[in-house]
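Reading the structure
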Amino acid sequence: MKLTTALTMTLMALAGTAHAADEIQPETLTIEEKIAPGPNVLVMDFGMVGSSPVYVFGNEDLKLKGNIGTGSFGQMILSKDGKTLYTVSAYLERYVYGPIHAVVHEWDLQTMTAKREFEINDKFAHVESQTGTLTLGDGENFLLVQNATPATSVTVVDLAKGADIAEIPTPGCWTAIPAIEGRRFSTICGDGKFASFTYEADGTFSKPVKSEQIFDADKDPLFANPLRVGGKLVYLSFGGNFHVVDDSGEAAKLENTVSIEGGEWAPSGSEVMTYHAASNTIFVMMHKGPFDGSHKNPAEEIWAVDASTFKVKGRSAANGETGIMVTKGDAPDLYGVTHMGTLVKYAVALGDEVALTKAAEREGAAIFPALMQADY
Amino acid sequence: MTKLLDRLLSGLDRMTEEKARGAARRHGRRSFLARAGGAIVGGVALAPILPFDRRANAAGSAAAAEDACGYWRQCAIDGFLCQEAGGSLTSCPPGSSVSAVSWVGTCTNPEDNKDYLVSYNDCCGKPLIPSTTFCYNSKGERPGYRMGLYNDVNWCMANDAKGYHCTVSVVVGLAE
C-alpha cells in the first residue's frame, strides 16, 4: 500500500469516528442515592465465613433493592421508625483466624450507608441471628448484646456515647429482653427461672433478681425468643404451651400457661412465632408428628392464634419456613424464609377466621436466611 | 441425665459462670475470648445451618438411616462433616484446630441399644466447605440457656482461630 493511500484511509476512519461521536451523548456513571421508594422487608443472610449481608426487598414484588454488608455472625435490629438498622458482627483479621473485632454499625436504610460504626468488646455470641440476642432498650438509647464465650453475659452499649459501658454476667441465661420502660431487661435461664437486671448510664448494674420457677427446661423447654404482647412477654414451649410472663416488676412472674391444643402437631423453627398487634393475633409455625429433636423442623402449617384466649383461629399451609414475621397495620403481610433460602410472602385475611395465601415468593433470597425485619 | 453428662455439663456451667464473673471484672479487655480456650471440657460441636432439607435428616426417619446424617451418632449434629473434608468422624482435617469447647448429644446405638454421649466438636481456623454434607439433627438440643446442649452457635468461639471449618462426632462415654 502506498503511503498516500494508507494516510487517506486513516483520515477517513478518524472522520468516521468523529462523526459517530457527534451522534451520541456519552453516558454518565452515577450512584443511586437511595433505594427505590416503598415499604421493605429485610433478610439477614447469616455468614459464618465473611459477610452476613442484609438483603432489602420491596414488599410488592420482592424485588431486590440492594444490600448492606456486615461482618460475620451478624445480628440485626431495626429502629421503630424503620429508618435505622443496627447490626453487630465480627471481623476476623484473617477471615477464618486471627484477632477478632466486634463492630456495631448504624445503617441508614434508605441510602444503605453506615452513619456510624464503632467497636465493642469482642465477646458477642457467634450465633444464628435471632430477635433476643440484639435488642434496643430504654427508648432505643441502648443496645443490649448477647455474649457467649461460651460464658454468657450481656454487653450494654450506650448509643449516645457510641461505646459499650458495661458487661453484665448472665450465667446460664440467654437473650436480653428489654422492659417496656426504663433501663431493665430480663433473660431466660436454664434452671427454669428468669433473671432481671437494671443498668445505669454510668455503667453500673444491679444484681440479678430471679423469678420463681417458670418452666422446666428438661420436660418442656421454651423457645428462647418471646413476643411482646401488650405489656407482657409470651413464650412458647416445644410442646406447644404458651407461657405469659409479666416482666414489669422487679422479678419476672408467670401469669398463666395455655396449651395451643395441637394434638399431633407442635411448634418448630427458629423464629417460631410472630405477633400482629392490630388484630391481636399470634402466628406460629407448626409441624406434624413431633419427636425429640423436631423442634427446628421446617413449618408444614402456620397457625393463627388469638393472643388473649390462645384459641386457634386459622390454619394455613406453609412452605417449609424456618422463620416468620408479620408486618404492622390493618392489612399486614406475613413473610416466611424457608430452609432452602426462599422468601415467601403471604396475604393475610383477618377476621374471626384467619387465613394465609401465598402472594409471592423469591427463590435464592439468601443462603442462610436467619432473621427478618420490616419497616412497615 | 447420666453422671458423665452431668459432669460434662456442670463443668461447662461452672466455667461459664466463673468466666462471666471474670469477664465482668475485666470489662473492656479483649483477650478473654482467647484465654477461654482450653478451659472447657474438650470437644465441641457446632452449628451453622445452611439450606438443606431438615426433614430428610430428621432423627427417627427411615430415610435417615440411608445417609451419613442418619448415622446413629449424628443424632444431635449441626454442621458439615469433617470426614468429607480430609478428616474423619473423630479427627479434624489437617491444618485445623479442635474447638476448645463442645456440646454433647445423647444418641442410641441401634446395634446394642445403648445410649452414648457424643461430643460434637468443631474444627476451626479454616473455611467451611459448602460441597461437604451438612447435617442438622437436634435430639436433646436446647436453646442458649443450656449452652452445653446448644447447637446453633459457633463452637470455635473459644479458640484463637474462630472460623468454623467442620464438625466431628466423638463418643466420649456411655450415658448409663
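A brief look at the structure comes next.

Calculation rules
- Residues numbered from 1 in each chain as written.
- Chains lettered and ligands numbered in written order.
- Predicted model: local features only at pLDDT ≥ 70, side-chain atom pairs only at ≥ 80, totals over all residues.
- Heavy atoms only, no water.
- Helix = DSSP H or I, 4+ residues; strand = E, 2+ residues; numbered from the N terminus.
- Buried < 20%, exposed > 50% of the residue type's maximum accessible area, 1.4 Å probe, protein only.
- Contact = heavy atoms within 4.5 Å.
- Disulfide = S-S within 2.5 Å.
- Pairing = 2+ DSSP bridges.
- Axes fitted to C-alpha atoms, helices over the stretch in contact; angles between N-to-C directions.

Brief notes about the overall build of chain A
When its secondary structure is counted, chain A shows 1 helix and 29 strands. Projected onto its principal axes, the C-alpha positions of chain A cover 100 × 50 × 35 Å. Every one of the 376 residues in chain A was classed for burial, and the buried ones make up 59%. Across chain A, contacts joining residues at least 24 apart in sequence account for 45% of those joining residues at least 6 apart.

Some words on the environment of Thr133(B)
Residue and element names in this part refer to chain B. The residue threonine 133 is located in the loop between β4 (114-124) and β5 (134-136) in this model. Here threonine 133 falls in the partly exposed class, since its relative accessible area comes to 28%. The spacing of threonine 133 and glycine 148 is 15 residues in sequence and 24 Å in space, taken between C-alpha atoms. Those residues in contact with threonine 133 that sit more than four places away from it in its chain are Cys69, Gly79, Phe80, Leu81 and Glu84.

Some thoughts on the side chain of Glu271(A)
Residue and element names in this part refer to chain A. Turning to its location among the elements, glutamate 271 is positioned in the loop between β20 (265-267) and β21 (273-276). Owing to a relative accessible area of 9%, glutamate 271 belongs among the buried residues under this scheme. Here glutamate 271 is in contact with Ser129, Gln130, Thr131, Asn225, Met285, Thr322, Gly323, Ile324, Ala370 and Leu371, once residues within four sequence places are set aside.

Observations regarding the state of the cysteines
All names here are of chain B. This model, assessed by the stated rule, comprises 6 disulfides over all chains. Between the sulfur atoms of cysteine 75 and its disulfide partner cysteine 107 the distance amounts to 2.0 Å. An S-S torsion of about -80° defines the bridge between cysteine 75 and cysteine 107 as left-handed. Of the two residues, cysteine 75 sits in the loop between α2 (32-36) and β1 (78-80) while cysteine 107 sits in strand β3 (residues 103-109), which places them 32 residues apart along the sequence. In this structure, cysteine 75 and cysteine 107 share a single accessibility class: buried. Paired by a disulfide, cysteine 124 and cysteine 156 hold their sulfur atoms 2.1 Å apart. Between cysteine 124 and cysteine 156, the disulfide has an S-S torsion of -90° and is therefore left-handed. Here the residue cysteine 124 occupies a position in strand β4, and cysteine 156 occupies one in the loop between β5 and β6 (164-174), the gap between them amounting to 32 residues. Assessed through its relative accessible area of 0%, cysteine 156 is described here as buried. In chain B, numbering the disulfide-bonded cysteines from first to last in sequence yields the connectivity 1-8, 2-5, 3-10, 4-6, 7-9.

Considerations on the sheet that holds strand β18 (residues 241-246) of chain A
All names here are of chain A. Reading across from one edge, β16-β17-β18-β19 is the order of the 4 strands in this open sheet, with antiparallel pairing throughout. Pairing within the sheet leaves two strands with one partner each, and these edge strands are β16 (227-229) and β19 (253-259). Between one strand axis and the next, the sheet turns by 30° as a mean value, whatever way the strands run.

Honestly, that's just the spatial picture; any functional story needs more than this.
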